Amino acid sequence: MSDHLSHPSHPPHGFNLHERARQAMRDEGFAPDFSPDIQRELSLWAEALRTESALVGDVRDLRTRLWSSIDNVESRDLDQVEVAEAGERGTIRLLVGIADVEAFAPPRSALDLHASENATSVYTGVEMFPMLPEQLSTDWSSLLNDADRLAIVVEMVVDAQGEIESSDIYRAQVRNHAKLAYETVGDWLESGGDAPPEVARVAGLEAQLRLQNQAAIRLRAQRMRAGALDFETVEARPVMENGQVRSLDVPRKNQARYLIENLMIAANMVMATYLEATGRPSIQRVVREPQRWPRIVAIAAEFGASLPDQPDPRALSDFLAARKVADPAHFPDLSLTIVKLLGPGEYAVVHRLGEPIGHFGLAAHNYTHSTAPNRRYADLVTQRLLKAILHHAPAPYDEASLEAIARRCTERENAARKVERLMRKVIAADLLHNRIGETFQAVVTGVASKGVFVRLTAPPVEGRVVAGEAGLDVGDRLRVRLVGTDRQRGFIDFARADAPD
């Protein structure tokens, strides 16, 4: 047996997933708790800031519009609401409202210092570590149902081909008339049946959501024509009961998720273009042309497809679309491989006169992160940059400060991925730790010098084959026997079911 496990799979007594998540946060340099200084700040001035901020500048009253939100059923840190209306010549006017978090988070405050240090909320599966205190992110700034809130509104007119004809950005008061969930709305949009009760109870909302969906379909079709890449990966999340992992669930990317994804991408593109046009430096989200493009070309050739020698998002998009149709069962594995070869996204400072870096995966010249200011520091900084422009105020950051913020946000995002990836493994090991000796159906997902890795069909967890791995290749299907786990490190070891110990 390999030394993947340093000891047999008897977990430490009293193993606690929440404590393990906190330790993982600390190991990667995150502060998992808020300081007493932050709590004092919240009690002293947050409500006053809310009242005062509504009186600064031009704030439109859009509370009577039929705003709604679609998110995970358990989410309370609601960053976006949406509304749409039919326009002339078949156009659709889209409004995306983004929580005005900047109104509650002054620069250089204790709260801002904590947010800038962590730079992102971290989702560990068993516990979410928010970038901002829950009192703020799930209440004061959150676009909750039946509550008046401040928002930044990105307005877009989408034509019949999915092009954005015109756009505008401004501050407004909004009111969420329906907090909806991905699963119920997605099932309804795909089935074409009766609207779910939470939609039917709000007059006009059914037609409103169908119009939003129509706009999202147009926007997505236009992006795909431009060469945007469509991926599908398997990312299981734990189902908890009384603090214990009972099962793993793989959320399906349904039509409601596509709806929100496409509206947010469009809003972020409009925001990036707007900021760049002012001539002031701003932060964009970029994915550079892949340095490992030759390897992507070689993988496509294995499937009988030919890609050009130079990076071409449209050609890669067409290849991925064809493989999704030809072999949907293995498409998540291909997606994961291509995503890794493309490399991670990063934050970069851009200028009006500079050459745009762009986002290779979205086939976009200008793209930023602005639609999740409760969860990402880059979005909060972008909101400050925007509001300075709207208020005709000096830029809140100089170029050097923005460069430092972009580097920090990129580094912290990478660290958050490490925490989340580790905790997925820890949770999977915890789920399986008492099932040693059982056999499972699996597919080989990776073959490298460090070992052969498989993903089980059910539950959807990954581990290493430490016995009988010779001759296995990516895509092979086999039965494996669980031979060891280490919950602390998230290790899971398998042997081929017909291989000797």
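Residues numbered from 1 in each chain as written. Predicted model: local features only at pLDDT ≥ 70, side-chain atom pairs only at ≥ 80, totals over all residues. Heavy atoms only, no water.

1. Examining unusual backbone geometry
Condition: Strands are runs of DSSP state E lasting at least two residues, helices are runs of H or I lasting at least four, and both sets are numbered from the N terminus onward.
Omega for the bond connecting A458 with P459 falls within 30 degrees of zero, at -5 degrees, which places this linkage in the cis form. Among the secondary structure elements, P459 is positioned in the loop between β14 (451-456) and β15 (462-467). Phi angles above zero are rare outside glycine, and R89 is one such case at about 55 degrees. Its location among the elements puts R89 in the loop between β3 (80-86) and β4 (92-99). Even without a glycine there, the phi angle at H392 is positive, about 55 degrees. Mapped onto the elements, H392 comes out in the loop between α12 (377-390) and α13 (399-432).

2. Considerations on the side chain of D230
Test applied: Exposed residues in this analysis have more than 50% of their type's maximum accessible area, buried residues have under 20%, and partly exposed residues fall in between, with area computed by a 1.4 Å probe over protein chains only. Pairing of N or O atoms within 3.5 Å defines a polar contact, subject to two protein rules: one partner must be a possible hydrogen donor and the other a possible acceptor, and residues neighboring in sequence count only if both atoms are side-chain atoms.
The residue D230 is located in the loop between α7 (205-226) and β9 (237-241) in this model. When its relative accessible area of 11% is taken as the criterion, D230 is described as buried. A polar contact of 3.0 Å, which involves the side chain of D230, links it to the side chain of R220.

3. Quick word on the pairing of β15
Residues in a regular strand point their side chains to alternate faces of the sheet. To be explicit about the condition: Two strands qualify as a pair provided DSSP detects at least 2 bridges between them.
Burial runs high along β15: 5 of the 6 residues are buried. In this sheet, β15 lies alongside β14 in antiparallel orientation, the contact comprising 4 bridges. Opposite V454, over in β15, you have G463 as the bridge partner. Taken together, β14 and the strand that follows it, β15, pair antiparallel across an intervening segment of 5 residues. Note that β15 and strand β17 (residues 491-496) share 3 bridges and pair parallel. Bridging across to β17, V465 finds its partner in F494.

4. A word on a positive patch on the surface
This is how it is decided: Note on patches: the residues involved have over 30% relative accessible area and no salt bridge, like charges join within 9 Å, and the nonpolar side chains Val, Leu, Ile, Met, Phe, Trp and Tyr join within 5 Å. Only the protein chains shown count as covering a residue, and every accessible area follows the Shrake-Rupley method with a 1.4 Å probe. Here a salt bridge means any side-chain nitrogen of Lys or Arg lying within 4 Å of a carboxyl oxygen belonging to Asp or Glu. In this count, Lys and Arg are taken as positive residues and Asp and Glu as negative ones, while His and the chain termini are left out. Here the site of a charge means NZ on Lys, CZ on Arg, CG on Asp, or CD on Glu.
Together, K340, K418, R421, R424, K425 and K450 give the surface a local cluster of positive charge. Per-element accounting of the positive patch gives the leading share, 4 residues, to α13. Under the relative-accessibility criterion, K418 is labelled partly exposed at 44%.

5. A closer look at the environment of D112
Position of D112 relative to the elements: it lies in helix α3 (residues 110-118). Judged by its relative accessible area of 7%, D112 falls in the buried class. When the C-alpha atoms of D112 and L456 are compared, they prove to be 42 Å apart, with 344 residues separating the residues in sequence.

6. A look at the sheet that holds strand β16 (residues 477-486)
Put simply, the rule reads: Only the stretch in contact is used when a helix axis is fitted, and all axes are lines through C-alpha atoms; the angle between N-to-C directions ranges over 0 to 180 degrees.
Here 5 strands make up a closed barrel; going around it, the order is β13-β14-β15-β17-β16 and the pairing mixed. Neighbour-to-neighbour, the strand axes of this sheet turn through a mean angle of 55 degrees, independent of strand direction.

7. A look at α7
Under the convention used in this document: One less than the number of residues in a helix, times 1.5 Å, gives the span that helix is expected to have.
A rise of 1.5 Å per residue sets the reference length of α7, with its 22 residues, at 32 Å; its end C-alpha atoms lie 32 Å apart and thus fit the reference within 8%. The set of residues buried in α7 consists of L205, Q208, L209, L211, Q212, N213, A215, A216, R218, L219, Q222 and R223. A positive backbone phi angle near 110 degrees is found at G227, which sits one or two residues after α7.

8. What about the nonpolar core?
Stated formally: For this analysis, a nonpolar core means a set of buried residues of the types Ala, Val, Leu, Ile, Met, Phe, Trp, Tyr and Cys, connected via side-chain atoms within 4.5 Å. We call two residues contacting when some pair of their heavy atoms lies within 4.5 Å.
Ranked by size, the top nonpolar core spans 42 residues in total, and within it W67, V153, I283, Y377 and V381 carry the most contacts. Considering each element in turn, this core owes the most residues, 5 residues, to α12. Look past the residues within four positions of I283 in its chain and what remains in contact with it is Y347, A348, V349, T368, V381, T382, L385, L402, I405 and A406.

9. Regarding the confidence of the model for the protein chain
Stated formally: Confidence of the predictor at the level of single residues is given by pLDDT, which spans 0 to 100.
The pLDDT averaged across the protein chain works out to 90; a share of 93% of its residues lies at or above 70. Averaged over each element, pLDDT in the protein chain is lowest for helix α2 (residues 36-53) (74) and highest for β4 (98). Here residues 1-12 is modelled with pLDDT under 50, and outside its nearest four sequence neighbours on either side it reaches 28 contacts, counting other chains as well.

10. Notes on the packing of aromatic side chains
Put simply, the rule reads: Classification of ring pairs rests on two measures: the distance between centres of Phe, Tyr or Trp rings, Trp counted by its six-membered ring, which must be within 6.5 Å, and the angle between planes, read as stacked under 30 degrees, edge-to-face over 60 and tilted in between. As a reminder, the over-ring test applies to NZ of lysine and CZ of arginine, requiring each to be within 6 Å of the ring centre and within 35 degrees of the ring normal.
Inspection of the entire model under this criterion finds 2 aromatic pairs. Relative to F360, the ring of W293 lies with its centre 6.3 Å away and its plane at 75 degrees, an arrangement referred to as edge-to-face. A residue pair is termed long-range when its members are at least 10 positions apart, and W293 in helix α9 (residues 293-302) and F360 in the loop between β12 (346-350) and α12 qualify at 67 residues. For W293, a relative accessible area of 1% puts it in the buried group. According to the relative accessible area criterion, F360 is buried, its value standing at 7%. A ring pair is formed by F303 and F319, whose centres lie 6.1 Å apart and whose planes are at 50 degrees; its orientation type is tilted. Remark: F319 occurs in helix α10 (residues 313-326) and F303 occurs in the loop between α9 and α10; sequence separation between them is 16 residues. The class for F303 is partly exposed, based on a relative accessible area of 38%. Look at F319 and you get buried, because its relative accessible area is 6%. A cation over a ring is seen here: R60 above Y170, with NZ or CZ 3.6 Å from the ring centre. Positioned over the ring face of Y347 is R285, at 4.7 Å from the centre of the ring.

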